[in-house]
Amino acid sequence: MKIKYLGTGASEGIPGLFCHCPVCEYARQQGGKEIRTRAQALVNEDILLDFGPDTYLHLLRYQLDLAKIRACLVTHTHGDHLFENELLMRAKNFAYYEEEIPPLYVFGSCEVEDALAPGENGFFTEDGRVRFNELAAYKETAFGDYFITPLPASHGTQEPFIYLIRQGDRTLLYAHDTDYFYEGVWEYLQENKVKINLASLDCTEGTRHIKGGHSGHMDLERNRAVRERMLEQGIADGKTVFVASHICHGGRMSHSEAVKPEISRGIVIAYDGMELEV
């Protein structure tokens, strides 16, 4: 199973539009891996993870053929994860093909459906080119040779999902916009004997650990706590790859600093364009 990180930033991206913090200023000067567009990823060129405001930029930068992507898993409706108006560009009035193409199936919560279909006649029902499938937490759904299980994210509301994606004997966990997992999530993973090959973890807070409770996001310290518990419970093993992504400038962490072994300590620090295969 392959994953390509199209974007690895949080809602502002790095550098932020109006920000002059040290992380943003350094990113402007250095470019390259210090630049972070809004978080989005692609699994095996089949499944798109989120459809945010930088999707068009990612199409150009990575020469994506979005018409060939079969499914899009939306974590939640926050604007950096779902820019619903762009999905309208798949309708017949905007996209032309010599032969009709299969529909794009969008998966997500009922809140995602509401965002895509304001009123009684949502755009995705008009010509069938975009179709919605509502998911329920902890309920596995088959799509082609993939098996998708949404799990509730700890993000201040029950709406967001994190996703288990299984294909054959490979399993990927995409866990962005969540804090340390709910106990129900840990119980599900252990009771179902889930074996994760790659865990992509929210690292919005970077190296700025917030004491005294959950913030709805994680930092590197909590990423390592997730890693340690997965290893202890047999959910992961020594071959499991742990990745930190969805990184915010407010986390006070440049890429060049974060990849230092004494800081990353077993966590791969994602960057825009990074590809991994497990």
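Up top you'll find the structure we're talking about.
In short, a report on the structure. (Residues numbered from 1 in each chain as written. Predicted model: local features only at pLDDT ≥ 70, side-chain atom pairs only at ≥ 80, totals over all residues. Heavy atoms only, no water.)

The next thing to look at is the nonpolar core. Among the nonpolar cores identified, the biggest contains 36 residues, and Phe181, Leu189 and Met230 are the most heavily contacted of them. Of all elements in the fold, only α1 (22–30), β9 (161–167), β10 (170–175), α4 (183–191), β11 (198–202), α5 (220–233) and β12 (241–245) reach the threshold of two or more residues within this core. Discounting chain neighbours no more than four positions away, the residues touching Leu189 are Leu151, Leu164, Val194 and Ile235. Listed in part, the 24 residues of the second largest apolar core include Tyr5, Ala71, Tyr146 and Ile165. (Core = buried A, V, L, I, M, F, W, Y, C linked by side-chain atoms within 4.5 Å. Buried < 20%, exposed > 50% of the residue type's maximum accessible area, 1.4 Å probe, protein only. Helix = DSSP H or I, 4+ residues; strand = E, 2+ residues; numbered from the N terminus. Contact = heavy atoms within 4.5 Å.)

Moving on, we come to the side chain of His155. The topology assignment puts His155 in the loop between β8 (146–152) and β9. Side-chain polar atoms of His155 contact the side chain of Asp177, separated by 3.1 Å. Apart from the residues lying within four places of it in its own chain, the contact partners of His155 are His76, His78, Pro160, Asp177, Thr178, Tyr182, Gly216 and His217. (Polar contact = N/O pair within 3.5 Å; in protein donor to acceptor, adjacent residues only side chain to side chain.)

Below, the discussion takes up the sheet that holds β12. Strand pairing within a sheet occurs via backbone hydrogen bonds; the two strands may be parallel or antiparallel. Pairing in this open sheet of seven strands is mixed, and the strands run β7-β8-β9-β10-β11-β12-β13 from one edge to the other. One side of each edge strand has no neighbouring strand; the edge strands of this open sheet are β7 (141–143) and β13 (268–269). Pairing of β7 with β8, which is carried by three bridges, proceeds in the antiparallel orientation. The residue of β8 that forms the bridge with Ala142 is Phe147. (Pairing = 2+ DSSP bridges.)

Let us look at the pairing of β10. Put simply, side chains in a regular strand alternate between the two faces of the sheet. Counted residue by residue, β10 has five buried out of six residues, so it is predominantly covered. Of the pairings in the sheet, the one linking β9 to β10 comprises five bridges and is antiparallel in character. From the neighbouring strand, Tyr163 faces β10, where its bridge partner is Tyr174. Linking two consecutive strands that pair antiparallel, namely β9 and β10, is a turn of two residues; a positive phi of about 60° is found at Gly168 within it. One ladder, built from four bridges, connects β10 with β11; its direction is parallel. Among the inter-strand pairings, Tyr174 is bridged to a residue of β11, identified as Ser200.

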